[in-house]
Amino acid sequence: MANSLLDLRSDTVTRPTQAMRRAMAEAEVGDDVYREDPSVNKLEARAAEIFGREAALFVPSGTMGNQTAIKVHTHHGQDVICEERSHIYVAEMGTMSAFSGCVPRTLRAPDGILTWNLIEPLVYRAAGFRSRTGLIELENSSNLAGGTVYPRVVSDEICDRAHERDIPVHLDGARIFNAVLALGCSVIELTGKFDSVMFCLSKGLGAPVGSMLVGSKPFIDNARTVRKMLGGGMRQAGVLAAAGLVALEESPKRLHIDHENARFLAQGLAEIPGIKIDPGKVVTNILFFDVSGTGLSSYELSKRLAERGVLANGTNPRVIRMVTHCDVNRTGCERALDELRGILAVAHGAAQA
Ligand code: TLP
């Protein structure tokens, strides 16, 4: 990997494996809008089985999966309670308002992990005075809070209390297999109480395209209609589903490598003067670190890293995010740390001269 580009910007950058490419080339296909694509049908059946649900739906992206779920669960004018760093609020282009007519009711939780105690004061179900709570949304792992995870008791309690009030709960499980690994439980144990779950075949699982929505049969029937409204009826999508099936069966087995590499990076970063990170908080494949003590902004540091072939995004002027994935190995992580040390040595040398 010495001279090649090392891409730590996201786990969305992975390239399909040989097995995925072979499966894509050989995929049986049909028109999925007629529900005649055998590869899509197989993927949906398998996803439903793994999540212990009645049905599943293949969607082009995590964003479409989340926004489809919001549309199915809510009515115009309702609130969606979510954490202030949640992807549905920060990075889905205001679609919950533009498409579903909902108001994001956000709050900040330590490490991005909401609890029922934090949520309860925001819940409003009576008619007449305020917009009503239409949906609660959790994200596990919580991307922009640093890949943190919801302990099962916490998310179970939120679902139970919400259901007592007839409020549905949607899970953005873009990286649910990372969360499951970090928590040491099964997918069904961790997600069983949610009304709907979105998870990504791309990202950590390495498929080139695609996400899944899982839930009850009536929910998925409605979601299929909404997916078409959004232009997500994909016809011969079996070429993509075939890669997704390989990702679903094979990739969860190797995610521990990404978690180990993220921890290794975090420990190395913590030893670099001027960089702040708590390696103890890095439990999945995402890490954020504060570079303000280095004398360089995150953007300047990212730029200098890129000049040395290491890509990592500044998320605000002080903070850089790195994400490990199947196209990054331990040597790559060592290289990222070496390049960072080299850049800072040059910068500090220049400052002293
Ligand atoms: N996350 C991307 C960016 O959009 C921030 C990334 O690089 O991490 N939910 C979560 C928790 C996500 O992190 C993402 C993508 C999505 C949903 C959306 O998935 P896509 O990109 O498939 O629409």
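Residues numbered from 1 in each chain as written. Predicted model: local features only at pLDDT ≥ 70, side-chain atom pairs only at ≥ 80, totals over all residues. Heavy atoms only, no water.

*Asks:* Mind showing me how you'd approach the site of the ligand here?
*Replies:* Looking at the ligand, there are 16 residues lining it, with Ser 10, Thr 63, His 87, Asn 143 and Asp 172 nearest. Contacts to the ligand include Asp 172, whose side-chain N or O atom sits 2.7 Å from a nitrogen atom. Contact between the ligand and Lys 203: an oxygen atom at 2.9 Å from a side-chain N or O atom of the residue. Protein chains shield 81% of the accessible area of the ligand, which is 510 Å² for the free molecule. Here the element with the most residues in the shell around the ligand is helix H3 (residues 62-73); it accounts for three residues. (Near = heavy atom within 4 Å. Polar contact = N/O pair within 3.5 Å; in protein donor to acceptor, adjacent residues only side chain to side chain. Areas by Shrake-Rupley, 256 points an atom, 1.4 Å probe, with all protein chains shown as cover. Helix = DSSP H or I, 4+ residues; strand = E, 2+ residues; numbered from the N terminus.)

*Asks:* How should I be thinking about the nonpolar core in this particular structure?
*Replies:* Formed by 55 residues in total, the largest nonpolar core has its most connected members in Ile 136, Leu 138, Phe 177 and Phe 199. A per-element tally of this core places helix H11 (residues 238-250) first, with eight residues. Residue contacts for Leu 138: discarding those within four places in its chain leaves Leu 114, Ile 119, Tyr 150, Ser 155, Ile 158, Val 169, His 170, Leu 171, Asp 172 and Phe 194. Among the nonpolar cores identified, the runner-up in size contains 28 residues, and Leu 8, Leu 265, Leu 301 and Ala 312 belong to it. (Core = buried A, V, L, I, M, F, W, Y, C linked by side-chain atoms within 4.5 Å. Buried < 20%, exposed > 50% of the residue type's maximum accessible area, 1.4 Å probe, protein only. Contact = heavy atoms within 4.5 Å.)

*Asks:* How should I be thinking about the environment of Leu 138 in this particular structure?
*Replies:* Tracing the backbone through its elements, the reader meets Leu 138 in strand E5 (residues 133-139). Here Leu 138 falls in the buried class, since its relative accessible area comes to 1%. As for Leu 138 and His 87, which are separated by 51 residues in sequence, their C-alpha atoms are 9.8 Å apart.

*Asks:* Explanation requested: the pattern of salt bridges in the structure shown.
*Replies:* Pairing is possible between side chains of opposite charge, provided their charged atoms come close. Taken as a whole and assessed by the stated rule, the structure comprises 25 salt bridges. A salt bridge links Glu 49 to Arg 46, with the nearest nitrogen and oxygen atoms 2.5 Å apart. Here Glu 49 pairs with Arg 46, and both are found in helix H2 (residues 38-50), just three residues apart, close to one helical turn. You can call Glu 49 exposed: its relative accessible area is 52%. Two residues, Lys 281 and Asp 111, come together in a salt bridge whose shortest N-O distance is 3.3 Å. Of the two residues, Lys 281 is situated in the loop between helix H12 (255-270) and strand E9 (286-290) and Asp 111 in the loop between strand E4 (103-107) and helix H6 (116-119); the sequence distance between them amounts to 170 residues. On the accessibility criterion, Asp 111 (31% relative accessible area) is partly exposed. One network of salt bridges, with partners in common, ties together Glu 120, Glu 157, Arg 161, Glu 164 and Arg 165. (Salt bridge = Lys/Arg side-chain N within 4 Å of Asp/Glu carboxyl O.)

*Asks:* It is not clear to me how the packing of H3 against helix H10 (residues 217-229) should be interpreted in this structure. Could you clarify?
*Replies:* How two helices sit against one another is set out by the angle between their axes and by the gap between those axes. Where H3 contacts H10, the two axes come as close as 9 Å, and the packing angle between them is 115°. With respect to the hand of their crossing, H3 and H10 are arranged in right-handed fashion. Only Phe 219, Asn 222, Ala 223, Val 226 and Arg 227 of H10 make contact with H3, whose side of the interface consists of Met 64, Thr 68, Ala 69, Lys 71, Val 72 and His 73. Classifying every residue of the contact of H3 with H10 by side-chain character gives six nonpolar, three polar and two charged. (Axes fitted to C-alpha atoms, helices over the stretch in contact; angles between N-to-C directions. Left-handed = near helix turned anticlockwise from the far one by under 90°. Nonpolar A, V, L, I, M, F, W, Y, C, P; charged D, E, K, R; others polar.)

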